[in-house]
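Secondary and tertiary structure notes
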Amino acid sequence: MMHTIDGIQFKQMILHGAAAITQQKQQINDLNVFPVPDGDTGTNMSLTIGAAASELKKNGDSSIGQTAAAAAGALLRGARGNSGVILSLLFRGLSKALKGHETADGALLAAAMQEGVAAAYGAVMKPAEGTVLTVSRLASKRAVEAAAENSDVDYVLAEALREGYDALAQTTGMNPVLKKAGVVDAGGKGYLVILEGMLASLRGEAVPELDEESGPRREKADFNSFSSEEITFAFDTVFIVRKKEPDLDLNPLRAYLGSIGDSLVIGEDDEAFKVHVHTNTPGSALNEAQKFGTLELAKIENMRTQQEDLAAGKTVQCVDDLEEDGGDADAPAVPEKPYGFLAVCAGDGLAAVFQDLGADGIISGGQTMNPSTESILKEIERVPARTVFVLPNNKNIIMAAQQCAGLTSKEVVVVPTETVPQGITAMMTVDPELEKDALLETMGSAIGNVSTAQITYAARNSDFDGFEISEGDYLALLDGKLFGTDRDITVLLEKLAQEAGNRGAEFITLFSGEDVAQEQADKAQEIFSGHCPDAELSVLPGGQPVYYYIISIE
């Protein structure tokens, strides 16, 4: 039995816990009931505590209070998705209770666990039972009781785990969706896997070995399945030009660039325009663009050589790897205006829309790729404004964005947008003359006026909400709820168009995804035009992954 633990032992416990959940992350992902591909719980929790493990590996010997503080800070900044944020809060509260202590016995550790639960519950606006909150609360309650019986740390942790697994089994009956699927809560399971790893460390068990399937890595495509010759236009070219005059007609430039390349996106405001194009003659693109203004910034990368490096298993070099000449890239931007705006989205087309509406920055992310709190924070620091409005555009990113408040000298205001159409609608209502609270209220009110439809695919077999779903089926969602499923995407487009018509929609915008050909997008436009003849209809290339269509209905 181990009566007390110090900072070194606590560090090893966290490292062991991180390895344990990384090894089992796919099993935890598989507990997710909703069949839509998303930022899965196991992956998000693994990446979140993995940030703490990375930080602790850099640290030398320290007290348990200092170790807990370092871990909590890294967890906060590395938090991804709601499950990751809640995990970071559990450790933040634990750190608060351990502050100033050199060592901890079972009683102190139990009290710290309860402090963590209080922090997590306090941060969640509407705590739901049958989740990681329930599991952690009952586990910590038993830890306190166990400490009164025997204050050895390993005894307290073992008892907390025993109660935690009893609570986890009960989550199936607490949530109707979990009950129907016959599974337990994924977040609760992830939390207990981490505690198991921590207890295993105390017992001297070996740290789980991480193979290629379980290790902390990014999902990779098979780059050997195609050759560099299949890349028609080799150079990924991005540049910014300061306009000669505000009302410049860029259509001639757009036509020229379209004739020498593809994947063309041009975003502009009154002062400048930004171009993204794939071409074999980047010099010609730059020369033509300079007829419209003064070239300010440019980035050119050879996608053929990058692909060859990937196929050979090499690390790909990019412009971002070049050393910068002086300056501090991480230094906060000097506030030049009262308000700035950040939007989270994936896809060049969607990014261009937000930039056209006045967004100062884009955070790449969304479904399946929830950005960490630190990633959001870095972009906040780059915005030259005293107050930065953040539009998460995904309900699983809102909490991570909210954690940025207090981590920067800037004021952070999170607009609770759960979808890209909500974010776009909110940006369209921005009036910089309004006071901050009035502006937030205006943007928040606008969110309620838009419905979001999405078409994606089923990531797993499921019996959900009355639908029997097979992996690979097309899925239609409407305002976050499953609307329909079919093997033919046209059937779902027809049903959504009919629903929009029944609602008397006045404005409809279809954003086509990266896997949608122009011919298919044109067909979707015809379908919606037929059912909604009086609506103002737009079809734009969003370029987003995962979703074939994101549809805004107002």
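Residues numbered from 1 in each chain as written. Predicted model: local features only at pLDDT ≥ 70, side-chain atom pairs only at ≥ 80, totals over all residues. Heavy atoms only, no water.

A short note on the nonpolar core
Among the nonpolar cores identified, the biggest contains 82 residues, and F10, I14, I49, L98, Y191 and I376 are the most heavily contacted of them. Counting residues per element, this core draws most heavily on helix α9 (residues 186–202), which supplies nine residues. When sequence neighbours within four positions are dropped, the list of residues in contact with F10 reads I5, I64, T67, A68, L94, L98 and M198. Core analysis: the next-biggest nonpolar cluster, separate from the first, contains 30 residues, A351, L477, V546 and Y547 among them. (Core = buried A, V, L, I, M, F, W, Y, C linked by side-chain atoms within 4.5 Å. Buried < 20%, exposed > 50% of the residue type's maximum accessible area, 1.4 Å probe, protein only. Helix = DSSP H or I, 4+ residues; strand = E, 2+ residues; numbered from the N terminus. Contact = heavy atoms within 4.5 Å.)

Here we look at the pairing of strand β17 (residues 536–541)
When strand β16 (residues 507–512) meets β17, the two strands line up parallel, connected through six bridges. Paired with F507 across the bridge in β17 is E536. The β-α-β motif built from β16, the intervening helix α19 (residues 518–531) and the parallel element β17 has right-handed crossover chirality. (Pairing = 2+ DSSP bridges. Right-handed = clockwise from strand over helix to strand, strands pointing away.)

What to know about the environment of P416
Looking at the element boundaries, P416 is found in the loop between β10 (411–414) and α16 (420–428). Setting aside anything within four residues of it in sequence, one finds P416 in contact with I398, Q422 and I447.

So, the pattern of salt bridges
Counted according to the given criterion, the structure contains 15 salt bridges. A salt bridge links K337 to D360, with the shortest nitrogen-to-oxygen separation between them at 2.4 Å. One end of the pair, K337, is in strand β7 (residues 337–345); the other, D360, is in the loop between α13 (348–356) and β8 (361–364), with 23 residues separating them in the sequence. Judged by relative accessible area, D360 falls into the partly exposed class, the value being 31%. Where D473 meets R487, a salt bridge forms, and the shortest distance between an N and an O atom there is 2.2 Å. With a gap of 14 residues between them, D473 in the loop between β13 (467–469) and β14 (474–478) and R487 in the loop between β15 (481–486) and α18 (489–502) connect regions that are remote in the sequence. You can call D473 buried: its relative accessible area is 6%. (Salt bridge = Lys/Arg side-chain N within 4 Å of Asp/Glu carboxyl O.)

Let's talk about the side chain of E288
Tracing the sequence through the fold places E288 in helix α11 (residues 282–289). The residues contacting E288, other than those within four sequence positions of it, are L253 and Y256.

Side note on helix α6 (residues 132–149)
Compared with the 26 Å implied by 1.5 Å per residue over 18 residues, the 26 Å span of α6 between its first and last C-alpha is a close match. Residues V132, L133, T134, V135, S136, L138, A139, S140, R142, A143, A146 and A147 constitute the buried set of α6. (Expected span 1.5 Å × (residues − 1).)

Structural notes on the side chain of N394
Position of N394 among the secondary structure elements: in the loop between β9 (385–391) and α15 (398–402). Given a relative accessible area of 8%, N394 falls into the buried group. Every residue in contact with N394, bar those within four places of it in the chain, is listed here: G366, Q367, N370, T417, E418 and T419.

Some points on the confidence of the model for the protein chain
On average, the protein chain scores 86 in pLDDT, and the residues at 70 or more come to 88%. Long-range and interchain partners of residues 212–228, a stretch whose pLDDT sits below 50, account for 20 contacts in this model, where long-range means more than four residues apart. Ignoring residues within four places in sequence, the model shows residues 319–329, a span with pLDDT below 50, making seven contacts including any to other chains. (pLDDT = per-residue confidence, 0-100.)

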